[in-house]
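Examination of the molecular architecture
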Amino acid sequence: MNTKRYPKGLESIQTPFYYYDTDLLRTTLASIKNYEDANEGFCVHYAIKANANPKLLSIIQEYGLGIDCVSGGEIQASLDAGFDPRKIVFAGVGKSDWEIELGLDNDILCFNVESIPELEVINEIATKKKKKANVCLRINPEVGAHTHTNIATGRAEDKFGISMEDMETVIQLTQSLPYIHFMGLHFHIGSQILDMADFEALCERVNELQDRLEAQQVKLEIINVGGGLGVDYNSPETNDVPNFKDFFNTYRERLHLREGQTLHFELGRAVVAQCGSLITKTLYVKKGNQRQFVIVDAGFTDLIRPALYQAHHKIVNITSDETETETYDVVGPICESSDVFDTDVVLPKTKRGDLIAILSAGAYGETMASQYNCRPLVQGYTKDDFA
Ligand code: LLP
């Protein structure tokens, strides 16, 4: 057992399960907080879609972060975890009436609105409640994020957001609706972005749009640049805290904030990815003619990223003390050929009962879990549970 990274007692828990290194989470949050405090007007919201485990939420909340939600369920989970409703931003292309009501009833900071019909429905519901809804408009900045196509957004033809071309028309509509308070603009260019040039391009675009609006006497209180900062999936053990320095410095140096404006971020993956591992047990080692398979008890119901996005997660054997290595395909038990965590993985010679950790799984792991094949929903444990 690799006891440096994993506590004693881990081996007696029913696999598969998520294990969260809450010390690493705290280190990551402290780093974010440093940059937030050092830059006037910066407000970081945690994108709860990345991981809504209540134990993690309660820690994230302690650091005073705001929160970014995309559903009524996420708003409720945030409130339950003690997040300040005045720091909730609420995005999503398809907000239901009850979700809009929940946001209004809790006086959230703002709705990030993605279309004209949505704007009209929010105005209608707000009118009934005689309560003004704060609104930012999500604009597609059309700056390319070089990432997997399933997680790239912000292009003109995405289902998300409003095109730059329509921006002024929608702002005018916003200002004409009695129960809407227009606050600013929202952007998000994609996820798992490691090249700061993409964020620089977004800054340039935001500057252009601000200049354009200023010439028309449109003032913005809020600029929200979304999330997207990537993590190192190849070397998570040595590179466990994301590059917040370059990320926040890019925005400080490149984006021209106006007097009194606040700049909002919605970071998900960068906050939680590296603190989480999916722990699974080796059921069988099967020798084929050409390949060898390590068949584990976790499947894509527990971590869907490899099957859905061909995502790479580093895989390690945490119980073996074998020095000899072999090459394996690490696969799950689900009756689908896409249930493969990775191929050609070099591991110490692995045997039935060995514990395998799939690393960098804290973001979009537990939250995307399912119960396909009537499998139990995967559970999460933290380092604090073993203290
Ligand atoms: N803000 C908006 C409007 C978003 O759509 C997202 C993510 C975020 C913030 C947070 O992005 P992050 O900082 O985590 O990159 N399930 C996929 C990722 C989907 C991202 C969806 N939107 C994955 O496992 O890679």
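Residues numbered from 1 in each chain as written. Predicted model: local features only at pLDDT ≥ 70, side-chain atom pairs only at ≥ 80, totals over all residues. Heavy atoms only, no water.

Concerning a negative patch on the surface
Put simply, the rule is: Each patch groups residues whose relative accessible area exceeds 30% and which form no salt bridge, using 9 Å between like charges and 5 Å between nonpolar side chains of Val, Leu, Ile, Met, Phe, Trp and Tyr. The protein chains shown are the only cover counted for residues, whose accessible areas, like all others here, come from Shrake-Rupley with a 1.4 Å probe. Salt bridge, as used here: a side-chain nitrogen of Lys or Arg that lies within 4 Å of a carboxyl oxygen of Asp or Glu. Asp and Glu are treated as the negative residues and Lys and Arg as the positive ones, with His and the ends of the chain left uncounted. The location of each charge is read from NZ of Lys, CZ of Arg, CG of Asp or CD of Glu. Counting from the N terminus, the helices are the DSSP runs of H or I reaching at least four residues and the strands are the DSSP runs of E reaching at least two. When accessible area is computed with a 1.4 Å probe and restricted to protein chains, residues below 20% of their type maximum are described as buried, those above 50% as exposed, and intermediate ones as partly exposed.
On the surface, D97, E101, E120 and E124 cluster together into a negatively charged patch. Those elements giving two or more residues to the negative patch turn out to be α4 (97–105) and α5 (116–129). Here E124 shows up in helix α5. Taking relative accessible area as the criterion, E124 reaches 47% and is therefore assigned partly exposed.

Let's talk about the layout of surface pockets
Put simply, the rule is: In this analysis, the protein atoms alone were mapped onto a 1 Å grid. Cavities are point sets where a 1.4 Å probe fits without being able to get out; pockets are open sets with protein on both sides within 12 Å along at least five of seven lines; lining residues have an atom within 4 Å of a point. Grid points are joined across faces, edges and corners, and a volume is the space filled by probe spheres set on the points. For every domain, the bounds stem from an assignment made automatically or drawn from a database.
The space that makes up the second largest pocket amounts to roughly 170 Å³. Viewed by domain, the lining of the second largest pocket spans two of them, domain 1 (10–17 + 274–386) and domain 2 (22–272), each represented by three or more residues.

Comments concerning the side chain of D297
This is how it is decided: Throughout this description, a polar contact denotes any pair of N or O atoms lying within 3.5 Å of each other; where both atoms belong to protein, one of them has to be capable of donating a hydrogen while the other can accept it, and for residues adjacent in sequence the pair is counted only when both atoms sit in side chains. We call two residues in contact when some of their heavy atoms are within 4.5 Å.
Here D297 shows up in the loop between β12 (292–296) and α10 (305–309). Although buried, D297 forms no salt bridge, and the nearest oppositely charged side chain, K281, lies 6.2 Å from it. At a separation of 2.5 Å, a polar atom in the side chain of D297 contacts the side chain of T280. In this structure, D297 is in contact with T15, P16, T280, K281, L283, D302, P333 and R375, ignoring residues within four places of it in sequence.

Describing the domain arrangement of the protein
The line we're drawing: A quick way to say it: buried area is the sum, across both parts, of accessible area lost when two parts are put together, with a 1.4 Å probe. When residue character is reported, Ala, Val, Leu, Ile, Met, Phe, Trp, Tyr, Cys and Pro are called nonpolar, Asp, Glu, Lys and Arg charged, and the others, Gly included, polar.
Each domain of the protein was delimited in the assignment, giving domain 1 (10–17 + 274–386) and domain 2 (22–272). For domain 1 and domain 2, the distance between their C-alpha centres works out to 32 Å. Taken together, the contacts link 25 residues of domain 1 with 27 residues of domain 2. Of all residues in domain 1, Q274, C275 and Y364 give up the largest surface area on contact with domain 2, accounting jointly for 31% of the area buried on that side. If you look at where domain 1 meets domain 2, you find 4 salt bridges. A salt bridge links K383 to D23; the shortest N-O distance between them is 3.2 Å. The tally of links from domain 1 across to domain 2 stands at 16 residue pairs in polar contact (both at pLDDT 80 or more). Listed by contribution, the elements that provide at least two residues to the side of domain 1 that touches domain 2 are α10 and β17 (379–382). Class assignment for the residues of the side of domain 1 that touches domain 2 results in 8 nonpolar, 11 polar and 6 charged.

Topic: the packing of aromatic side chains
Our working rule: In this scheme Phe, Tyr and Trp rings, the latter by its six-membered ring, pair at centre separations within 6.5 Å, and the angle between planes marks the pair as stacked below 30 degrees, edge-to-face above 60, and tilted otherwise.
Overall, the coordinates contain 17 aromatic pairs when judged by the stated rule. The interplanar angle of 70° and the centroid separation of 5.2 Å between the aromatic rings of F247 and Y251 together place this pair among those described as edge-to-face. You can see F247 and its partner Y251 sitting in helix α8 (residues 244–254), 4 residues apart, about one turn around the helix. Considered together, F247 and Y251 belong to a single accessibility category, that of buried residues.

Focus on the pairing of strand β1 (residues 17–20)
Operational definition: Strand pairing is defined by DSSP finding a minimum of two bridges between the two strands.
Taking every second residue as pointing to the same face, both faces of β1 are buried, with F17 and Y19 on one and Y18 and Y20 on the other. Bridge analysis of β1 against β17 gives 4 bridges, and the strand direction is parallel. Its bridge partner lying in β17, Y19 is registered against Y381. Direction of pairing for β1 relative to strand β11 (residues 276–287): antiparallel, over a ladder of 4 bridges. Residue pairing across strands places Y18 opposite L278, the latter belonging to β11.

A short note on the site of the ligand
Here is the rule: We define proximity as follows: a residue is near a molecule or strand when any one of its heavy atoms falls within 4 Å of that partner.
Taken together, 18 residues are adjacent to the ligand, and S191, E266, R305, Y309 and Y364 come closest. S191 places a polar side-chain atom, nitrogen or oxygen, 2.3 Å from an oxygen atom of the ligand. G268 places a main-chain nitrogen or oxygen 2.9 Å from an oxygen atom of the ligand. Look at the ligand: alone it shows 580 Å² of surface, and the protein chains cover 91% of it. Elements that contribute at least two residues to the shell around the ligand include exactly β10 (262–267) and α10. Of the residues that make up the shell around the ligand, three or more belong to each of domain 1 (10–17 + 274–386) and domain 2 (22–272).

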